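As a plain string of letters, each chain reads:
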Amino acid sequence: RSIGLSDLKEAVANGIGDFNAMPTHAVFLGIIYAVLGLILFRLSFGYDVLPLVYPILTGFILLGPFAAIALYELSRRREQGLDVSVQHLWEVFRSPSIGAITRLGLVLLAIFFAWLVAARTMYAQIMGGAEPASLGEFARQVLTTPAGHELIVVGNTVGFVFALLVLVISVVSFPMLVDRNVSAGTAVRTSVRAVAANPLTMAMWGLFVAVALVVGSLPLFFGLAVVFPVLGHATWHLYRRTVSVDEVI
């Protein structure tokens, strides 16, 4: 279907409604801080991983569509008037499409690791690849030197390409796999066609997701415990407004 700004607003409003009806912030707060804890644990052994901290944190956006599959299931259950207790977060893993969900999730994981390799390569080529002596020295090099400015521009441009790829192949594919017993290829083709039919609207959605995740990250990542579930639920409603109920592409 062709969708517009009003559909995005409605999807977000419904996502907020789902979150208020079945808050899962405690679960995702634990997941978020477990990941951050692992990064900080690795940093405690040296600064060699420091150039990858920003790519790792931003790269998790690439895994977001897969990480939110349990939220799509909760939104689906609420839409159908079924029980939406927190224990149903894991109901999706008994879905007939779990094989296709897993395969497409592995594709996103491969894209995530490709992004990390690209980020490490860009750092090595632009900054020389030397291990930072301290966090302050690393920040100074990136923020105040011509090479650092080049790294910021090139790195974020390349990151945008990775994010665009993920948006195109997954904006409705994972919700569709939760909703229907279809192949991963069918879901991806549907997602590509949805973006092709609504390029401006989907670009606005991608921008909204990126800004929301940045804002949620600012107060020591606490905001992500609310922002991420809301975006997950909203993605389900975006799928429902975009893909026809009675037609599989």
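The preceding data block contains the structure.
Okay, so let's go over this structure. Within every chain, residues take consecutive numbers counted from 1 along the sequence as written. Under the rules for a predicted model, residues below a pLDDT of 70 receive no local features and side-chain atom pairs below 80 are neither given nor counted, while totals for whole chains, interfaces and linings still include all residues. Remark: hydrogens and water are excluded; side-chain values derive from all non-hydrogen atoms of the structure.

**A closer look at the side chain of Glu-73**
Under the convention used in this document: A run of H or I in DSSP becomes a helix once it reaches four residues, and a run of E becomes a strand once it reaches two; helices and strands are each numbered from the N terminus. Here, residues are in contact when the closest pair of their heavy atoms is within 4.5 Å.
Its location among the elements puts Glu-73 in helix H4 (residues 69–79). In contact with Glu-73, not counting residues within four places along its chain, are His-88, Glu-91, Val-92 and Val-178.

**A few points about the packing of helix H10 (residues 199–217) against helix H11 (residues 224–242)**
Heads up, the condition is: Axis lines are fitted through C-alpha atoms, for helices just across the contact stretch, and the angle between N-to-C directions can take any value from 0 to 180 degrees. Every angle not falling under 35 degrees, over 145, or within 65 to 115 is termed oblique; those three ranges are roughly parallel, roughly antiparallel and roughly perpendicular. Crossings are classed by handedness, with left-handed meaning an anticlockwise turn of the near helix from the far one by less than a right angle and right-handed meaning a clockwise turn.
For the pair H10 and H11, the least separation of the axes is 9 Å and the interaxial angle reads 165°. When the axis of H10 is compared with that of H11, the two are roughly antiparallel. In this structure, H10 meets H11 at a crossing whose hand is right-handed. On the side of H10, the interface is formed by Met-202, Trp-205, Phe-208, Val-209, Ala-212, Leu-213, Gly-216 and Ser-217, while H11 contributes Leu-224, Val-227, Leu-231, Ala-234, Thr-235, Leu-238 and Thr-242.

**A word on helix H1 (residues 5–21)**
To be explicit about the condition: A helix is expected to span 1.5 Å for every residue after the first. Working definition: with a 1.4 Å probe on protein chains only, accessible area under 20% of the residue-type maximum means buried, over 50% means exposed, and in between means partly exposed. Our arc is simply the arc of the directions from the helix axis toward the C-beta atoms.
Look at H1: 24 Å from first C-alpha to last across 17 residues, which is about the 24 Å you get at 1.5 Å a residue. When H1 is considered as a whole, its buried residues turn out to be Asp-7, Leu-8, Ala-11, Val-12, Gly-15, Asp-18 and Phe-19. The buried residues of H1 all sit within an arc of 135° when viewed along its axis, so they share a single face. With respect to the buried face of H1, the exposed residues turned more than 90 degrees away are Ser-6, Lys-9 and Asn-20.

**Remarks on the nonpolar core**
Counted only if it meets this: To qualify as a nonpolar core, a set must consist of buried Ala, Val, Leu, Ile, Met, Phe, Trp, Tyr and Cys residues joined through side-chain atoms within 4.5 Å.
Formed by 62 residues in total, the largest nonpolar core has its most connected members in Val-171, Trp-205 and Leu-238. Looking at this core, the element that brings in the most residues is helix H5 (residues 98–127), giving 14 residues. Excluding its chain neighbours within four sequence positions, the residues that come into contact with Val-171 are Val-166, Ser-191, Val-195, Met-202, Trp-205, Thr-235 and Leu-238.

**Topic: the pattern of salt bridges**
Pairing of side chains with opposite charge becomes possible as their charged atoms draw close. Stated precisely, the cut-off is as follows: By definition, a salt bridge exists where a carboxyl oxygen of Asp or Glu is found within 4 Å of a side-chain nitrogen of Lys or Arg.
A full pass over the atoms with the stated rule returns 8 salt bridges. The partner of Asp-18 in a salt bridge is Arg-78, and the shortest N-O contact between them spans 2.5 Å. Pair noted here: Asp-18 is in helix H1 and Arg-78 is in helix H4, with a separation of 60 residues, a long-range link. For Glu-137, the salt bridge identified is with Arg-140, shortest N-O distance 3.0 Å. With Glu-137 and Arg-140 both in helix H6 (residues 135–144) and 3 residues apart, the pair spans about one turn of that helix.

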